[in-house]
Amino acid sequence: MVLAELGGRITRALQQMANVTIIDEKALNECLNEITRALLQSDVSFPLVKEMQTNIKKIVNLEDLAAGHNKRRIIEQAIFSELCKMLDPGKPAFAPKKAKPSIVMFVGLQGAGKTTTCTKYAYYHQKKGYKPALVCADTFRAGAFDQLKQNATKAKIPFYGSYTESDPVKIAVEGVDRFKKESCDLIIVDTSGRHKQEASLFEEMRQVAEATKPDLVIFVMDSSIGQAAFDQAQAFKQSVAVGAVIITKMDGHAKGGGALSAVAATKSPVIFIGTGEHMDEFEVFDVKPFVSRLLG
Ligand code: GDP
């Protein structure tokens, strides 16, 4: 279900409740059940939805509400604040500082949009006055280095990679060292993504992280992966210290649920969303407007 559709269904559920004369336990439950169904269809994981339902019922204590209170409004606010809470892990992501080298490593499954997002992230910071650089430590996918090189050249961002070296750890270390010497303040390391959550992918990722000691690991997730979001995000978090999430492909058939699941699984905030294939189709993620849009 796309975001607008989900928002529409939640709004309708609230409207239906507003139409009944007395908002009692039964009316509240019916409304919450409809919202639950809508969230599940938008790929929010089941335990998360259940937790949200319990929390809302705790906040909206119908018996405690004095007559005359706008119950619909109170329930609406409770849903809004619960969704915001689910998207806010409580601590901000590491923010790179200018003129001090930061290392940011990108991880995610193949096809998630990692390489594209690395350049978008670099380009975004370049426009803000940083000196970014890109390192291609993806030796698994044929063409990965060429793709990064092409993107980096277009954005006039220095890059490092190799056509012959097959050890991603070696490339990552060499690239980071080189760009530290060149006083780059944002060194971005793109790693291999495999089709599935294979053990070898995680092992390689761990080794690259161990060798380059990133200040931030960003997990890149395709918004269209559906209910698989929670498990996928959790598998990455268990292998490497993910500190932020970027959700790609929020254009098209984007679903809102993946973002909620990724935050819950990684306990890290979503920092950007990808909204297209081009370099500047990239937006800072902001919780409240996102939830407002979700609720229509
Ligand atoms: P990687 O294997 O994770 O490095 O993925 P790529 O960066 O090669 O991206 C895979 C495909 O997704 C490419 O065709 C990208 O152009 C496309 N892509 C990446 N981000 C977005 C996005 O935000 N929106 C859309 N529509 N396509 C994207």
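Cut-off values and rules
Residues numbered from 1 in each chain as written. Predicted model: local features only at pLDDT ≥ 70, side-chain atom pairs only at ≥ 80, totals over all residues. Heavy atoms only, no water. Helix = DSSP H or I, 4+ residues; strand = E, 2+ residues; numbered from the N terminus. Contact = heavy atoms within 4.5 Å. Near = heavy atom within 4 Å. Polar contact = N/O pair within 3.5 Å; in protein donor to acceptor, adjacent residues only side chain to side chain. Areas by Shrake-Rupley, 256 points an atom, 1.4 Å probe, with all protein chains shown as cover. Nonpolar A, V, L, I, M, F, W, Y, C, P; charged D, E, K, R; others polar. Buried < 20%, exposed > 50% of the residue type's maximum accessible area, 1.4 Å probe, protein only. Core = buried A, V, L, I, M, F, W, Y, C linked by side-chain atoms within 4.5 Å. Pairing = 2+ DSSP bridges. Right-handed = clockwise from strand over helix to strand, strands pointing away.

Let's talk about the environment of Cys136
Relative to the helices and strands, Cys136 is located in strand S2 (residues 132-137). Distance from Cys136 to Leu148, taken between C-alpha atoms, is 6.9 Å for residues 12 residues apart in sequence. Leave out the neighbours within four places in its chain, and Cys136 touches Ala144, Phe145, Leu148, Tyr160, Gly161, Ile171 and Asp190.

Focus on the site of the ligand
Near the ligand, the surroundings consist of 18 residues, among which Gly111, Lys114, Thr115, Thr116 and Asp251 are the closest. At 3.5 Å, a side-chain N or O of Lys120 approaches an oxygen atom of the ligand. Measuring from an oxygen atom of the ligand, one finds a side-chain N or O atom of Arg141 at 3.5 Å. Summarising the interface, the protein chains cover 81% of the accessible area of the ligand, which totals 580 Å² for the free molecule. Considering each element in turn, the shell around the ligand owes the most residues, 4 residues, to helix H5 (residues 114-127). Classifying every residue of the shell around the ligand gives 2 nonpolar, 10 polar and 6 charged.

A closer look at helix H10 (residues 257-266)
Of all 10 residues that make up H10, 9 are buried, and the element is covered over most of its length. Every buried residue of H10 is accounted for by Gly257, Gly258, Ala259, Leu260, Ser261, Ala262, Val263, Ala265 and Thr266. In the segment just after H10, Lys267 is the residue with positive phi, at about 55 degrees.

Considerations on the nonpolar core
Considering soluble globular proteins, one finds that nonpolar side chains tend to be buried as a cluster. Counting 69 residues, the largest nonpolar core has Leu87, Phe236 and Ile247 as its most contacted members. Beyond its immediate stretch of four places on either side in the chain, Leu87 contacts Ala259, Leu260, Val263, Phe285, Val287, Phe290 and Val291. Counting 26 residues, the second largest nonpolar core, distinct from the first, contains Tyr121, Ala244, Phe272 and Phe282.

As for unusual backbone geometry
Positioned with a positive phi, Lys156 is a non-glycine residue whose angle comes to about 55 degrees. Within the element layout of this structure, Lys156 appears in the loop between helix H6 (144-154) and strand S3 (159-160). Judged by relative accessible area, Lys156 falls into the exposed class, the value being 70%. Despite not being glycine, Ser183 shows a phi value in the positive range, around 55 degrees. Within the element layout of this structure, Ser183 appears in the loop between helix H7 (168-181) and strand S4 (186-191).

Examining the environment of Val49
Its place among the elements puts Val49 in helix H3 (residues 46-59). The exposure class of Val49 is buried, given its relative accessible area of 2%. The sequence separation of Val49 and Ser261 amounts to 212 residues, and the corresponding C-alpha distance is 10.0 Å.

Some remarks on the pairing of strand S5 (residues 216-222)
Counting buried positions along S5 yields 7 of 7 residues, so the element is predominantly enclosed. Alternating positions in S5 separate into two faces, Leu216, Ile218, Val220 and Asp222 on one and Val217, Phe219 and Met221 on the other, with burial throughout. Looking at chain direction, strand S1 (residues 102-107) and S5 are connected through 4 bridges and run parallel. From the neighbouring strand, Phe106 faces S5, where its bridge partner is Ile218. Where S5 lies against strand S6 (residues 242-248), 6 bridges are found, and the strand directions are parallel. Directly across from Val220, in S6, lies its bridge partner Ile246. Considered for its hand, the β-α-β crossover made up of S5, helix H9 (residues 229-239) and S6 is right-handed.

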